[in-house]
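# Summary of the model geometry
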Amino acid sequence: MMVKRSSAVRTAGSLGVLVALTGAAAAQSIVATRPNLQPVDGPVSTTLNGTTITNQGLQGVGRLSASTRDFLGDTLGSFSSLAVDLASWRRNGDTYSGTLFTLPDRGYNNPDGGIFSDYAGRLNCFRLSFTPEPNANLPQSTASQRQITLTPDGGLVLTDALGRRFSGFDPGTGTTTQLGAILPAATTGASAGRISLDAEGLARRLDGSFYVSDEYGANVYYFNASGQLQGVLGVPEALRPRTGGQLNFNSINPPDTGRRNNQGFEALALTPDGRSLVTILQSAALQDSTANQQTRLNTRILVYDIAANPVPTAPVREYVLQLPVYRDNGNGQAANRTAAQSEMLALNDTQFLVLARDSNGQGTGNTTPIVYKSVLLVDIAGATNIAGSTFDTTTTPIAPGGTLRPDIRPVQTSEAVNLLNPVQLNRFGMNLDTNPATRTTLSEKIEALGLVPVLSERAPNDYFLLVGNDNDFLTRQGSINGQSYDAGLDNDSVLMAYRLTLPTYVDPLSLAVMKQTAPVVLQGLGSATLGFAASATRGVQDHLSALRRGAGTATPWGQGWGLWVGGDFVFADQPRNGGLALDRTIAQGTVGLDLPLAGPWRAGVAVGGGAGSLSRPGGYRQDHSAYTFSAYGGYYGPDFYAQGIVGGAPDVSLDRIRRPGAYGLTATGRTEGSALALDGEVGVPFRLDQVRLTPFAGITHLVGRVDGFTETGAAGNNVAYQALTVRQTAARFGAEAAFYGFGALIPSVRLAYNLATGPQSSLASVRLASVENSLASAAVTVPFLRDDFVTAGAGLQGAISEQLGWRVDYQAAIGLRSGTAHGVTAGLRYQW
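Analysis parameters
Residues numbered from 1 in each chain as written. Predicted model: local features only at pLDDT ≥ 70, side-chain atom pairs only at ≥ 80, totals over all residues. Heavy atoms only, no water. Core = buried A, V, L, I, M, F, W, Y, C linked by side-chain atoms within 4.5 Å. Buried < 20%, exposed > 50% of the residue type's maximum accessible area, 1.4 Å probe, protein only. Helix = DSSP H or I, 4+ residues; strand = E, 2+ residues; numbered from the N terminus. Domains from an automatic or database assignment. Contact = heavy atoms within 4.5 Å. Buried area = accessible area lost by both parts, 1.4 Å probe. Salt bridge = Lys/Arg side-chain N within 4 Å of Asp/Glu carboxyl O. Expected span 1.5 Å × (residues − 1). Bend = angle between axes of the 7 residues up to and from the residue. Polar contact = N/O pair within 3.5 Å; in protein donor to acceptor, adjacent residues only side chain to side chain. Phe/Tyr/Trp six-rings, centres within 6.5 Å; stacked < 30°, edge-to-face > 60°. Pairing = 2+ DSSP bridges. Axes fitted to C-alpha atoms, helices over the stretch in contact; angles between N-to-C directions.

### Considering the nonpolar core
If you look at the biggest cluster of nonpolar residues, it comprises 39 residues, and the most contacted ones within it are M514, L522, L525, Y721 and V766. No other element matches the twelve residues that helix α2 (residues 508-550) contributes to this core. Formed by 35 residues, the second largest nonpolar core is a distinct cluster that contains I53, I370, L419 and L465.

Right, dumping it as structure tokens:
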């Protein structure tokens, strides 16, 4: 069964009511007055602004007992937020594995009773194993949540700029200053003066550094990979809690303006390109609402530019998100609560998944029914950017009396994943029952989201959405800092996995790997085409040099008609070629015909064919083959010569292309190309006894084109390459010495300095092939000839008979930055 949704129309279960309210500013908010159930056992799609995403349903669940201890020996506080180390994610058959980092909040606490913990901020680490069971039909039991296994695997303690641990204590009126920011500080016991942290959001960068958002502040902290504080992002004054005009970060007595108590920056995400950090206030600031709970729906999305500075002083973009509202007891009467948001993920730079929920379910200790828990698709395109305006001060609210101003256009939303699906929950031994709630009842605080790829070539845009709860450290066998406690109930840590089809999601690891590896692939393909362009002239050059050396001698290298064959082998061992290590080979055979013209003029044609391969460390490889042609001609006098060659390869086959993709996958492909070469040289021979010395100057212009192609084999990180054109021009200045007096044998040496005068790189466009978003595209620089180089060679030619001559030439191209390439040519010429 497929249920279609759109931003204007939503389908709810028989007990749910979802409507969109529209106002003067085209505002919209979801309203649920009864439990928003979705009893559908099949895919459900939603469309917003032309983007359709599909929820394929619940695939598996995992559970950790509420009594689980973490790496410091404290009760495990589960998932206020989570982040998978994407570089560790692998698929082996039907089973997936990876490293999971989870963020607990401030420890066991009861603000109404004044109970807080001196809880050190930390990240917990788990080894995650997941075997989807989409057709499960399991009994109501904690043993049925067996598809996901979480094995504790250490963790990381967070420290401030001074190397001290954070504290979970309520700061009261306490403050401290670090890194130029006024921050909440504990005032109790040995932790007095330390930063108070109520961690809620986690955004992990690919280099291991990470951001953590805090509700006391509200603040966003930046940590290095070791967990030490590096900086604090600037927050608009409109969101900082002030009482009587003074900063007051306590979580018990509400401030006059700014964030609500325990409603700070709950969500945090990095855009896939790593250039922006996005955070969302859990619900509306005090001045943007009233005392009525349903009026705190107009919250704010803040976007920070972290491309150049990881700790900017202010957001560059800021938007209004209207959260769903609901009736707390689900009896159908008017909404009286706001479904505050608890987590977010960035699909790209304009679309996000945002988790909004009620406060009902396992862990509350009451029998109120669960009414609303959904993941929303949010699109900021077209919304009003209020960053830097008077709305960032405390004097100008965005929603006076809780009603959004008509001149502010909010972001657009649509329900993407409804967690209140009793059919799917029941299949995995879970339920929505609250009268009474059991350990298999859906938890009150669903607060963590993560995305990992399914790694299916047939479904490259499919991802598992990991959804975790915050169990609030609720256990009958608790311990914090060695002190035992009994919370009165056991609230297990639960992780659920849904399968989503996300055509506009830009996987951050795939994007990063594409930007790193695509230039390597293109550099290899371009090198191959230019290599064939060069090989179309190189054998001809050596053949013409042999003719010049043999002119005027009694050898088969003379002025008559001639049929010649040649072999050409190039081996490039270039660890620094364009900054990219490579091994490249081309072997080619050529056959040509010399055409003597009037006087010292000569012309000829040649055809050839060859093949080779290229490999680099890390799993890169390609094979290449081509047929070449060339035509040549020139003036060859006793005291001066001038020659020109035009050649190329009209069809270069580039096969068995292999690229190491993300997630341990290998992308493969094939394409074709073409090559063109122009070469000219002039020289002035001097005869010095038995030595002929010939200074010369020349220029070579090479052009290669690689057709566009799309890889296979790497699922969602297959790359589509647009056509690439590469050019190289090099001028050469050198001299050749030929030695006579050895009968038919003529040895020679040649030395030249090659000046790189053409482009050193080319630009190419690449994109993640299956992704429908511009962020998945990139313009990459493809390096080629990077600097000048020296060529040095030696040759030997002779005669087998009066009509048949032979030659062998070796040449090395040596560059300080490009390494060394070796070439050997050999040939026979029959003259008549």
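Now, onward.
### Focus on the domain arrangement of the chain
Along its sequence, the chain is carved into domain 1 (41-505) and domain 2 (511-831). Between the C-alpha centres of domain 1 and domain 2 the distance comes to 58 Å. Each side of the interface is counted separately: domain 1 has 17 residues, and domain 2 has 17 residues. Around 1,400 Å² of area is buried between domain 1 and domain 2 when both sides are counted, 60% of it from carbon and sulfur atoms. On inspection of domain 1 and its partner domain 2, the count reaches zero salt bridges. The greatest single-element share of the side of domain 1 that touches domain 2, amounting to three residues, is contributed by strand β6 (residues 81-92).

### Re the side chain of S456
If you trace the backbone, S456 turns up in the loop between β28 (446-453) and β29 (462-469). Not counting residues up to four positions away in its chain, the partners in contact with S456 are R91, R499 and A715.

### What about α2?
The end-to-end C-alpha distance of α2 is 63 Å, a good match for the 63 Å that 43 residues give at a rise of 1.5 Å each. A bend of about 30° at K515 is the largest found in α2, and the proline P519 appears one to four places after it. Burial within α2 is extensive, with 40 of its 43 residues counted as buried. If you check the start of α2, you find a side-chain oxygen 3.2 Å away from the backbone N of L509, and it comes from D507. Just past α2, the residue G552 takes up positive phi, approximately 85°.

### A word on the packing of aromatic side chains
For the structure shown, the criterion picks out 18 aromatic pairs. Seen from their ring centres, Y96 and F464 are 5.1 Å apart, and the 80° between their planes marks the pair as edge-to-face. Highlighted residues: Y96 in strand β7 (residues 95-103) and F464 in strand β29, separated in sequence by 368 residues. Since its relative accessible area comes to 3%, Y96 is described here as buried.

### With respect to the sheet that holds strand β15 (residues 229-232)
The strand order across the open sheet built from four strands is β12-β13-β14-β15, with neighbouring strands paired in antiparallel fashion. At either end of the open sheet lies a strand with only one pairing partner, and these are β12 (199-204) and β15. Pairwise comparison of adjacent strand axes, ignoring direction, gives a mean angle of 25° for this sheet. Where strand β14 (residues 219-223) meets β15, three bridges bridge the pair, whose relative direction is antiparallel. The residue bridging F223 from the neighbouring strand is L229, located in β15.

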